[in-house]
Amino acid sequence: MERIMEIAEKHDLRVIEDAAQALGAAFKGKKAGSFGFTGIFSFYPAKVLN
Ligand SMILES: *Cc1c(COP(=O)(O)O)cnc(C)c1O
């Protein structure tokens, strides 16, 4: 995520995080879904939220 965010900032891009399977995960203390412009999670019955 650090490298992705560096590239996005350098090129004025927005990062949309696919965090569908990452609820509760963190990288260096920062929660999945909170790195980029926005993050998305899945409510599909087989996924971790359900
Ligand atoms: C399941 C899944 C999706 C799709 O989620 P929907 O809620 O079905 O749209 C997208 N990305 C990943 C990584 C997934 O595991």
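Report on the accompanying structure.

Criteria and cut-off values
- Residues numbered from 1 in each chain as written.
- Predicted model: local features only at pLDDT ≥ 70, side-chain atom pairs only at ≥ 80, totals over all residues.
- Heavy atoms only, no water.
- Helix = DSSP H or I, 4+ residues; strand = E, 2+ residues; numbered from the N terminus.
- Buried < 20%, exposed > 50% of the residue type's maximum accessible area, 1.4 Å probe, protein only.
- Contact = heavy atoms within 4.5 Å.
- Areas by Shrake-Rupley, 256 points an atom, 1.4 Å probe, with all protein chains shown as cover.
- Lys, Arg positive; Asp, Glu negative; His and termini not counted.
- Charge placed at Lys NZ, Arg CZ, Asp CG, Glu CD.
- Salt bridge = Lys/Arg side-chain N within 4 Å of Asp/Glu carboxyl O.

Details of the overall build of the chain
Across its full length, the chain holds one helix and four strands. Listing each helix as α and each strand as β along the chain from the N terminus yields α-β-β-β-β. In terms of principal-axis extent, the alpha carbons of the chain reach across some 40 × 20 × 10 Å. A total of 50 residues make up the chain; the buried ones form 20% of that total. A fraction of 21% describes how many contacts in the chain between residues 6 or more apart in sequence connect residues 24 or more apart. Within the structure as shown, the chain displays about 4,000 Å² of accessible surface, and the carbon and sulfur contribution to it stands at 57%. A distance of 3 Å separates the average location of the 7 positive side-chain charges in the chain from that of its 6 negative side-chain charges.

What to know about the pattern of salt bridges
On inspection of all chains with the given rule, the structure shows two salt bridges. The residue lysine 28 makes a salt bridge to glutamate 2 at a minimum N-O spacing of 2.9 Å. Here the residue lysine 28 occupies a position in the loop between strand 2 (26-27) and strand 3 (30-31), and glutamate 2 occupies one in helix 1 (residues 2-10), the gap between them amounting to 26 residues. Lysine 28 gets classed as exposed once you look at its relative accessible area, which sits at 65%. Residue glutamate 2 is classed as partly exposed on the basis of its relative accessible area, which comes to 42%. Linking glutamate 6 and arginine 3 is a salt bridge whose minimum nitrogen-to-oxygen distance equals 3.0 Å.

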